[in-house]
Amino acid sequence: VLHAHAVVMWQTGNHQSAITSLDKAVLLAQTPVDLLLPLAQMHYTSGNIQAALKTMQKLVTLSPDTPDTAINLGALLIEAGQYAEAYRHLQSAASYFPDNPDIYFNLGVAQKHVHKLSDTVQSYARAIMLNPENPQYRLAHANALIEIQAYDEALIALNDLDSRYPRNADVLERLAFTLTQS
């Protein structure tokens, strides 16, 4: 009932009542796992990233075998500027979920922020290996190659992106910059 009340309150724009109802539902539930992600999303959407982080950390503790919770927590940590914590968390998640490309992509983002640029390139390459059709992974990989001044490799990656996505402004800009640098 509290969960349903929270949904109705959220949909009618009464966000604080929704969060209060869902908080109470989490406290009363024997297994609150299904309630924690919506609660974290409500906190995040209402601008309380710290409460969203706390809720996601609880969800990861209760459900450590779910890659989506690991990805969401990592992304929240990155957004909160807690890069070292995001790096540690996502590095651990990558060992538990070695076949999840989103974990490697987010790990690359965290590695970039803690200045582990060579590791960033490797994480993005792993994400591409696991999901070769994702243009976001490919562009991030090319950008990481540019950052470590591996211009020849970046040109190969960007030319491949340009052939797959012709006239993409981001790809063309990076390609022009890389050609200038090389």
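Here we summarise the structure given alongside this text.

About the cut-offs
- Residues numbered from 1 in each chain as written.
- Predicted model: local features only at pLDDT ≥ 70, side-chain atom pairs only at ≥ 80, totals over all residues.
- Heavy atoms only, no water.
- Core = buried A, V, L, I, M, F, W, Y, C linked by side-chain atoms within 4.5 Å.
- Buried < 20%, exposed > 50% of the residue type's maximum accessible area, 1.4 Å probe, protein only.
- Helix = DSSP H or I, 4+ residues; strand = E, 2+ residues; numbered from the N terminus.
- Contact = heavy atoms within 4.5 Å.
- Salt bridge = Lys/Arg side-chain N within 4 Å of Asp/Glu carboxyl O.

### Quick look at the nonpolar core
Argument step 1. Leu22, Phe105 and Leu158 are the most contacted members of the largest nonpolar core, which has 55 residues in total.
Argument step 2. In terms of residue count, helix 9 (residues 135-147) provides more of this core than any other element does, seven residues in total.
Argument step 3. Residues contacting Leu158, with those up to four places away along its chain left out, are Leu139, Ala142, Ile146, Val171, Arg174, Leu175 and Thr178.

### Describing the pattern of salt bridges
Argument step 1. Applying the stated criterion to the full structure yields seven salt bridges.
Argument step 2. Residue Glu147 is joined to Lys112 by a salt bridge in which the shortest nitrogen-to-oxygen separation is 3.2 Å. Of this pair, Glu147 sits in helix 9 while Lys112 sits in helix 7 (residues 101-113), and the two are 35 residues apart along the sequence.
Argument step 3. On the basis of relative accessibility, which here comes to 36%, the residue Glu147 falls in the partly exposed class.
Argument step 4. Taking the relative accessible area as the measure of exposure, Lys112 reaches 37% and is therefore partly exposed.
Argument step 5. Measuring nitrogen to oxygen at the nearest pair gives 2.8 Å for the salt bridge that ties Arg138 to Asp160. Taken together, the positions of Arg138 in helix 9 and Asp160 in helix 10 (residues 151-164) put the pair 22 residues apart, joining distant regions of the chain.

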